Amino acid sequence: MEKIAIVGVAQTKYERRKKGEIFYDMVYEVTTKAMEDAGYTLDDIDNVITVSNDFWDGRTISCMAVQEVAGAHDKNVSTVEGDGAFGAFYGAMRVLGGFKTTLVVTHSKGSEGDSKVITNAMFDPVYHRALGLDAISSSALQAQAYMEKYGITEEQCAMVSVKNHGNAKNNPCAQLPMNITVEDVMRSRKIADPLKLLDCSPVSDGAAAIIIADKDSAKKARNTPVWIKGIAHCSDAYFLGDRDLADPRALKDAAARAYAMAGITRPRDEIDVVELYDAFSYMEPLWLEGMGFCNQGDGGRMIEKGISVKGGSLPVNPSGGVLSAHPVLTAGLARIIESTLQLRGEADERQVPGARTALAHGINGPCGQSHCVWILGRE
Amino acid sequence: MAAWLQDVEDLTLKGQINVPYTWSVGEVGSRFLVALRDEEKILGNRCPSCNTVYVPPRKNCGSCFKDIDDNQWAELGPEGVVTAFTIVRYDYPLQPAKAPFAYAIIKLDGADVGFVHLIRQGLEKLRNGVRVKALFKEERTGHILDIDSFVLLEA
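First, a word on what this report is: a plain description of the structure on this page.

Conventions used here
- Residues numbered from 1 in each chain as written.
- Chains lettered and ligands numbered in written order.
- Predicted model: local features only at pLDDT ≥ 70, side-chain atom pairs only at ≥ 80, totals over all residues.
- Helix = DSSP H or I, 4+ residues; strand = E, 2+ residues; numbered from the N terminus.
- Rg over C-alpha atoms; globule rule 2.2 N^0.38 Å.
- Buried ≥ 20, exposed ≤ 12 C-beta atoms within 10 Å, placed from the backbone.
- Pairing = 2+ DSSP bridges.
- Contact = placed C-beta atoms within 7 Å.
- Core = buried A, V, L, I, M, F, W, Y, C linked by C-beta atoms within 7 Å.
- Nonpolar A, V, L, I, M, F, W, Y, C, P; charged D, E, K, R; others polar.
- Axes fitted to C-alpha atoms, helices over the stretch in contact; angles between N-to-C directions.
- Expected span 1.5 Å × (residues − 1).

Below, the discussion takes up the overall build of chain A. On a plain count of helices and strands, chain A comes out with 13 helices and 11 strands. Taken over the C-alpha trace, chain A has a radius of gyration of 19 Å; the compact-globule value for 379 residues is 21 Å, and the two agree within 12%. C-alpha atoms of chain A, sized along the principal axes, occupy 55 × 45 × 40 Å. Here chain A, with 379 residues, has 61% of them falling under the buried criterion.

This is the structure we're talking about:
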């Protein structure tokens, strides 16, 4: 792959309700900050990708409403309706396809709609929607299938929440920095067994942006470029019953292809930090298995051994992860941004010392139907 | 920060989008729903290439990318085995049952994929591996909820 890099990043603070700001304001904030971060002006951006979803925004063709504030006035602009990691994937493809620089900007305000009604609508209307399934109850099915199959305990999942909310204390953008214990998680309100309140990510508002540049344009950027070493995505079946929910096949495939592109053969040794999409606590061990950091079924033990804590041999979600802020669509791009900051050595209190290679990850669809894996590097 | 920003009252606007749809169920889906309605039967169909028996039935197999031709229909269940479940503890208006109730993935007898549906009773006995049976509604309209729910069978 030709050398392309992330040269600018920006994210808003993630909050339960940004009452004073409309989408327009949030997109403008991160677009200008990402350009500032790169040391670019609008003239240096030659195309734009916006990421939005009509149901979350409550308007059709939601992308059209943010074109000007995304810096897309008089530019080539295109849209991805899905997680920001996938939007960024499209942005990278555009740079590989001949554009010099792509700005990718995502926004969502979970606070304005109704997350249960909206996520119910992701299911097939004939067979599944009428059952009332939503993101929480479908994920609970996956959690149960996975935990039961491999003997993953609720305590092991609770340790993920404790770790990630603790990590969030080092992230000024995080919504839920918290000092909690495994017992707090275990005693929190039952939502859909085995998920309890503190196993679930919050409703969040937020926006994020990155700028991807080709090699020559990256030289003009103010910051150290972070190079895109490998990217891949893969999708599994749509109907939950068609999938083995305990086996993230699509993630295994995406990770294998991203590793091959990046020349990674021993991910556990070669990757220094992971930012993954932990919408629920059980997802962290399950996705770590899918990424090949441990054997299938060993994700719980990996958490228990403290490998993924800040200061462990493979820190996972030092930002606090999606459990600590879940702006839908923006959350995957935030994983890429956090990985970028780690590789620049600019992650402040949450910095993993000497991080040279990072994995960032986003998901789309119920129970991680599709996965997007990014390998980023300092060199 | 401009002085007025400190005093501004942040207003919100309430709204709702109500869009009626009339979705085609499709030929295969229609046969499935008509069988629920008229015969209290759960139909699936078999991919002639990989032999996977699908429920709900499909017009083609996504994994083989082959048509599933017309003589591959199979009557499934009405019993099956629970392979995953969750007991739901919250209510919201789109659920067809009051909490607590369960969603389960059920491997119907004769099927190779899971069938997602509801379990209303006997939640304390619910485990992976328990056998359940479809309970049909008296009044059926050609809808997935013509199956009221699945009930646990005594071991």
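Structure's up, so let's keep going.
Our next topic: the overall build of chain B. Assigned secondary structure in chain B consists of two helices and 10 strands. Reading chain B from its N end, one meets helices and strands in the order α-α-β-β-β-β-β-β-β-β-β-β. Taking 15 Å as the expected radius of gyration for a compact globule of 155 residues, we find that chain B reaches 21 Å, considerably beyond that expectation. Across its three principal axes, chain B shows a C-alpha extent of roughly 75 × 40 × 30 Å.

Residues and elements named next belong to chain A. Burial analysis of strand E8 (residues 226-235) places nine of its 10 residues in the buried class, which makes it a mostly covered element. Pairing geometry for strand E1 (residues 4-11) and E8, over two bridges, is antiparallel. When the bridges of E8 are listed, Ile 6 appears paired with Val 226. Two strands pair when backbone bridges link them, and E8 and strand E11 (residues 370-377) are joined in this way by eight bridges, in the antiparallel orientation. Among the inter-strand pairings, His 233 is bridged to a residue of E11, identified as Cys 372.

To continue, consider the environment of Lys 190 of chain A. Tracing the backbone shows Lys 190 of chain A in strand E5 (residues 190-192). The partly exposed category is assigned to Lys 190 of chain A, around which 17 C-beta atoms lie within 10 Å. Excluding residues that lie within four positions of it along the chain, Lys 190 of chain A makes contacts with Lys 196 of chain A together with Arg 89 of chain B.

Glancing now at the pairing of strand E6 (residues 79-88) of chain B. Looking down a regular strand, the side chains alternate between one sheet face and the other. Residue and element names in this part refer to chain B. Counting buried positions along E6 gives eight out of 10 residues, so the element sits mostly inside the fold. Both E6 and strand E9 (residues 131-136) contribute to a ladder of three bridges, which runs antiparallel. Of the residues in E9, the one forming a bridge with Val 81 is Arg 131.

With that out of the way, let us pick up the nonpolar core. Nonpolar side chains tend to gather and get buried jointly when the protein is soluble and globular. Residues and elements named next belong to chain A. Core analysis: the biggest nonpolar cluster contains 163 residues, and Ile 210 and Trp 374 have the highest contact counts within it. Take this core: its biggest share by element is eight residues, from helix H5 (residues 135-150). If we ignore the near neighbours within four places in the chain, the residues touching Trp 374 are Ala 85, Ile 228, Ile 231, Ala 258, Ile 336, Leu 359 and Ala 360.

Residue and element names in this part refer to chain B. Pairing is antiparallel in the open sheet, where three strands are placed in the order E2-E1-E5. On the outer flanks of this sheet lie strand E2 (53-54) and strand E5 (73-76), each paired with one strand and no other. Where strand E1 (residues 42-46) and E2 come together, two bridges link them in antiparallel fashion. Within E2, the position partnered with Arg 46 by the bridge is Val 53.

Moving on to the environment of Val 182 of chain A. Residue and element names in this part refer to chain A. Following the sequence through the fold, Val 182 ends up in helix H7 (residues 182-187). Residue classification places Val 182 among the partly exposed positions, given that 16 C-beta atoms sit within 10 Å. With 27 residues separating them in the primary sequence, Val 182 and Glu 155 have C-alpha atoms 6.5 Å apart.

Moving on, we come to the interface of chain A and chain B. Contact with chain A, which involves 29 residues of that partner, is made by 32 residues of chain B. With six residues, the single largest contributor to the side of chain A that touches chain B is H5 of chain A. Taken together, the residues of the side of chain A that touches chain B break down into 15 nonpolar, eight polar and six charged.

A separate point is the packing of helix H3 (residues 84-96) of chain A against helix H13 (residues 330-344) of chain A. Residues and elements named next belong to chain A. For the pair H3 and H13, the least separation of the axes is 6 Å and the interaxial angle reads 65 degrees. Contact residues: H3 offers Gly 84, Ala 85, Gly 87 and Ala 88, while H13 offers Thr 330, Gly 332, Leu 333, Arg 335 and Ile 336. Among the residues forming the contact of H3 with H13, the class breakdown is four nonpolar, four polar and one charged.

Let us now look at H13 of chain A. Residue and element names in this part refer to chain A. With 15 residues, H13 should reach 21 Å at 1.5 Å per residue; the first-to-last C-alpha distance of 21 Å fits that figure. The buried fraction of H13 is high, at 14 of 15 residues. The first or second residue beyond H13 is Gly 345, which carries a positive phi of 75 degrees.

Moving on to helix H11 (residues 283-290) of chain A. All names here are of chain A. Of all eight residues that make up H11, eight are buried, and the element is covered over most of its length. Check the buried side of H11 and you find it contacts H5, helix H6 (154-167), helix H9 (249-262), helix H12 (299-304) and strand E10 (357-364). Remark: Gly 292 follows H11 within two positions and exhibits a positive phi of approximately 80 degrees.

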